[in-house]
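# Observations on the model geometry
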Amino acid sequence: MIDINSPREKNTKNFIDLIIKRDAHIDSRIFLTHISKDNFGFISKDEINPKKKIILIPKKLLISKNNFKSFLLKDKSISYDEELISSYFSLLPKYEFFKKNNFLFLNESNIKKCLNFFKIDSPIKKSIENLFKTFNELQSDIDKYIFLLYRTRSFNVNNQPYLVPLLDFANFNFSTRGYFIETNTVYFNSEKKLKKNDEIFQSYNLNVDPIKFFLNYCFYPENYSNLTFYENQIILNISKDIASKIDTKYWNINNNQTISNKNSVSFYNCEIPLIISLMFDSLFKNKNSKLKVISNFIMLVKNQFNDSEIKLFLENKSENKILIDFAKSINLYISNLDKILINLHKQ
């Protein structure tokens, strides 16, 4: 079994040379380097025009959970590229890094503090409690390490999570574009011209919200102005006369005189998406009635937070950066709700 806490020689040149031999592409005008003690990033050596593929990874180099676990356990019963995974692994954070920096390793006292940011019946609070439960049920450090690596670094390719060596070293910025998937490759290009010494950023996981984003990656997602409600998260009580008007293309009809959204609804940049009109136009012909129902739902979501607890915590200037970033992510979520309400009443 490979030691997930052992010191590693972080040789970026060897890794880059090896992955290029495996048919990956990295533009010669960018280089991989340490951005901070525990973090790498890409820097441009020269100007690069937009829409040029600067990082490209063949799908054959993507690493599944099974292959990565087999590598860590030194299990040779399945086939995987041991040389590439070993070189890539040398650049990854140690398990100890996660134990010091990940939300899921908070002690009981701090877990209680973070849950106090929510009211008792908060759906988000319940989802966080379930997340802790799922993580703590993992039996081994290896399983927890894999869970955290794939939670913080994996890319969704063909509806499966994969580690994508090289591409995952590009750091996050909400205002940039994400990765693209072709038949045989995953690639990234910049949508704007890069200047010499610019860091190269990418965006990812934009179909969530600031709280879910933080819970995945454990850093404060500055300027993250999207918010998504997944299937069955928008729940409305309805009268019998409205029930007959429901468009089942957009709504699920439940047994308790409620309906819920059949599709995910994403508010990108807090703008009101077209699907909201399509969903509610079949229920309410009166614009004011429609606005009232949507506004009431948004307020219901907003009311699940203990604003005073969050404000008091941030004013007391805790030294726990994980909790500070979590509280700031909640504030950003609330701010996004307020912006959605403003945009809703502009219509």
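Our structure's up above, just so we're on the same page.
Notes on the structure follow.

Unusually for a residue other than glycine, Asn197 sits at a positive phi of about 75°. Locating Asn197 in the fold gives a position in the loop between β9 (185-189) and β10 (199-202). Relative accessible area serves as the criterion here: at 56%, Asn197 is assigned to the exposed category.

Let's shift gears to the packing of aromatic side chains. Throughout the structure, instances matching the rule amount to 38 aromatic pairs. Look at Phe172 and Phe213: their rings are 4.7 Å apart centre to centre, the planes differ by 45°, and that puts the pair in the tilted class. Remark: Phe213 occurs in helix α8 (residues 210-217) and Phe172 occurs in strand β7 (residues 171-172); sequence separation between them is 41 residues. Phe213 matches Phe172 in its accessibility class, with the two residues each being buried. Overall, Phe213 belongs to the buried group, its relative accessible area being 0%. An aromatic cluster is present here, built from Phe103, Phe117, Phe118, Phe132, Phe214, Phe305, Phe313, Phe326 and Tyr333 joined pairwise through their rings.

Below, the discussion takes up the sheet that holds β7. A sheet is described by the order of its strands in space; here four strands give the open sequence β2-β3-β10-β7, paired in mixed fashion. A strand with exactly one partner marks an edge of an open sheet, and here the two such strands are β2 (30-36) and β7. In terms of strand pairing, strand β3 (residues 39-44) meets β10 through two bridges, oriented antiparallel. Its bridge partner being in β10, Ile43 is matched across the sheet by Glu199.

Per the counting criterion, the structure on display carries one cavity of 30 Å³ or more. What the largest cavity holds in volume is close to 40 Å³. Phe229, Ile234, Phe267, Ile276, Phe280, Ile294, Phe297 and Ile298 are the residues that line the largest cavity. Among the elements that line the lining of the largest cavity, the one with the most residues is helix α11 (residues 287-302), at three residues. The residue inventory of the lining of the largest cavity, partitioned by class, reads eight nonpolar, no polar and no charged.

Taken in spatial order, the three strands of this open sheet run β12-β14-β13, and their pairing is antiparallel. The sheet is open, and its two borders are formed by β12 (235-237) and β13 (251-253), each paired with just one other strand. Taking each pair of neighbouring strands and ignoring which way they run, the sheet shows an average axis angle of 30°. The sheet contact formed by β13 and strand β14 (residues 258-261) spans three bridges and is antiparallel. Bridging across to β14, Asn252 finds its partner in Ser260.

With their axes 8 Å apart at the nearest point, α8 and helix α13 (residues 321-346) run at an angle of 155° to one another. Our classification of the angle between α8 and α13 gives roughly antiparallel. Across the interface between the two elements, Pro210, Ile211, Phe214 and Leu215 from α8 touch Ile322, Asp325, Phe326, Ser329, Ile330, Leu332, Tyr333 and Asn336 from α13. Tallied by class, residues from the contact of α8 with α13 come to nine nonpolar, two polar and one charged.

What counts as what
Residues numbered from 1 in each chain as written. Predicted model: local features only at pLDDT ≥ 70, side-chain atom pairs only at ≥ 80, totals over all residues. Heavy atoms only, no water. Helix = DSSP H or I, 4+ residues; strand = E, 2+ residues; numbered from the N terminus. Buried < 20%, exposed > 50% of the residue type's maximum accessible area, 1.4 Å probe, protein only. Phe/Tyr/Trp six-rings, centres within 6.5 Å; stacked < 30°, edge-to-face > 60°. Pairing = 2+ DSSP bridges. 1 Å grid on protein atoms, 1.4 Å probe; cavity = no way out; pocket = protein on both sides within 12 Å on 5 of 7 lines; lining within 4 Å. Points joined across faces, edges and corners; volume = space filled by probe spheres on them. Nonpolar A, V, L, I, M, F, W, Y, C, P; charged D, E, K, R; others polar. Axes fitted to C-alpha atoms, helices over the stretch in contact; angles between N-to-C directions. Parallel < 35°, antiparallel > 145°, perpendicular 65-115°, else oblique. Contact = heavy atoms within 4.5 Å.

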